[in-house]
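Topology and contacts: notes
Chain by chain, the residues run as shown.
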Amino acid sequence: MLYRLIYASETVGSVGASTLSVAQILGAATVNNRRDNITSAVMFHDGWCLQGIEGHRPDVDRLMRRIREDRRHGSIRILSDRPVAERSFPEPMALCEDPAAMLRAFGVANLADVTAYDADRIVELKQAA
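First, a word on what this report is: a plain description of the structure on this page. If you're wondering where the values come from, they're calculated on a predicted model, not measured in any experiment.

**Some details on the pattern of salt bridges**
Opposite charge on two side chains lets them pair, provided their charged atoms get close. Applying the stated criterion to the full structure yields eight salt bridges. Notably, a salt bridge pairs Glu-54 with Arg-4, separated by 2.8 Å at the nearest N-O pair. Here Glu-54 is found in strand 3 (residues 48-56), whereas its partner Arg-4 is found in strand 1 (residues 2-11), with 50 residues between them in sequence. The class for Glu-54 is buried, based on a relative accessible area of 1%. The residue Arg-35 makes a salt bridge to Asp-36 at a minimum N-O spacing of 3.0 Å. Given the relative accessible area of 10%, Asp-36 is considered buried. Overlapping salt bridges, with partners in common, bring together Arg-35, Asp-36 and Arg-66 in one network.

Written out as structure tokens, the structure reads:
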């Protein structure tokens, strides 16, 4: 059975603030996610990260343990964690390229304010695109 977990976290330092930082994160995550059969999508905006993770329960839990131990993340909030019939994220690690537009579409000012309902709607919108 597949699971989808969506979390928001405050980024520490320059994480997600530069093209180099994002490229390093995406590169390492792509390798790890392929190894662990995880698919994922992430967005960075104004010092926050929103990420959706899909995979089998043990793989999702293992990745979340690594994220919780990663000093680049603070104030981690699990927004959604539920079984799903199929994957919504086709890639090991995809990047939302215009997070400000995505947030405006949902009437949310920043990722710190995203609710579970908003997170699920963002996934649905991303899947429909």
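Structure shown, so let's carry the discussion forward.
**Observations concerning the environment of Leu-63**
If you trace the backbone, Leu-63 turns up in helix 2 (residues 57-69). For the pair Leu-63 and Asn-33, spaced 30 residues apart in sequence, the C-alpha to C-alpha distance is 8.7 Å.

**Brief notes about the pairing of strand 2 (residues 39-45)**
With seven of seven residues buried, strand 2 is to be regarded as a mostly interior element. The side-chain alternation of strand 2 yields two buried faces, one formed by Thr-39, Ala-41, Met-43 and His-45 and the other by Ser-40, Val-42 and Phe-44. Here seven bridges tie strand 2 to strand 3, and the two strands are oriented antiparallel to one another. The residue of strand 3 that forms the bridge with Thr-39 is Glu-54. Taking the residues that link successive antiparallel strands as the turn, the strand 2-strand 3 hairpin has two residues, and the phi of Asp-46 there is positive, at about 45°. Note that strand 2 and strand 5 (residues 94-95) share two bridges and pair parallel. Within strand 5, the position partnered with Ala-41 by the bridge is Ala-94.

**Describing the packing of aromatic side chains**
Given two aromatic rings, their pairing is described by the distance between the two centres and the angle made by the two planes. According to the stated counting rule, one finds zero aromatic pairs in the structure shown. Lying over the aromatic face of Phe-89, Arg-4 brings its terminal NZ or CZ to 6.0 Å of the ring centre. Against the face of Tyr-3 rests Arg-57, its NZ or CZ located 4.5 Å from the ring centre.

**Remarks on the state of the cysteines**
What is meant by a disulfide is a covalent connection between two cysteines, made through their sulfur atoms. What the rule picks out here adds up to zero disulfides. Of all cysteine sulfurs in the structure, the one in Cys-96 sits closest to Cys-49, which takes part in no disulfide; the separation is 11 Å.

**Topic: the side chain of Asn-33**
Along the chain, Asn-33 turns up in helix 1 (residues 19-36). Not counting the four nearest positions on each side in its chain, Asn-33 is found in contact with Ile-38, Ser-40, Leu-63, Pro-92 and Met-93.

**Thoughts on helix 1**
Given a rise of 1.5 Å per residue, 18 residues ought to cover 26 Å, and the 25 Å separating the end C-alpha atoms of helix 1 matches this to within 8%. Of all the residues in helix 1, the buried ones are Ser-21, Val-22, Ile-25, Leu-26, Ala-29, Thr-30, Asn-33 and Asp-36. Seen from one end, helix 1 has its buried residues packed into an arc of 155°, which puts them on one side. Of the exposed residues in helix 1, those oriented more than 90 degrees away from the buried face are Leu-20, Gln-24, Val-31, Arg-34 and Arg-35. In the core, the buried residues of helix 1 are packed alongside strand 2, helix 2 and strand 5.

Cut-offs applied
- Residues numbered from 1 in each chain as written.
- Predicted model: local features only at pLDDT ≥ 70, side-chain atom pairs only at ≥ 80, totals over all residues.
- Heavy atoms only, no water.
- Salt bridge = Lys/Arg side-chain N within 4 Å of Asp/Glu carboxyl O.
- Helix = DSSP H or I, 4+ residues; strand = E, 2+ residues; numbered from the N terminus.
- Buried < 20%, exposed > 50% of the residue type's maximum accessible area, 1.4 Å probe, protein only.
- Pairing = 2+ DSSP bridges.
- Phe/Tyr/Trp six-rings, centres within 6.5 Å; stacked < 30°, edge-to-face > 60°.
- Lys NZ or Arg CZ within 6 Å of the ring centre and 35° of its normal.
- Disulfide = S-S within 2.5 Å.
- Contact = heavy atoms within 4.5 Å.
- Expected span 1.5 Å × (residues − 1).
- Arc of directions from axis to C-beta.

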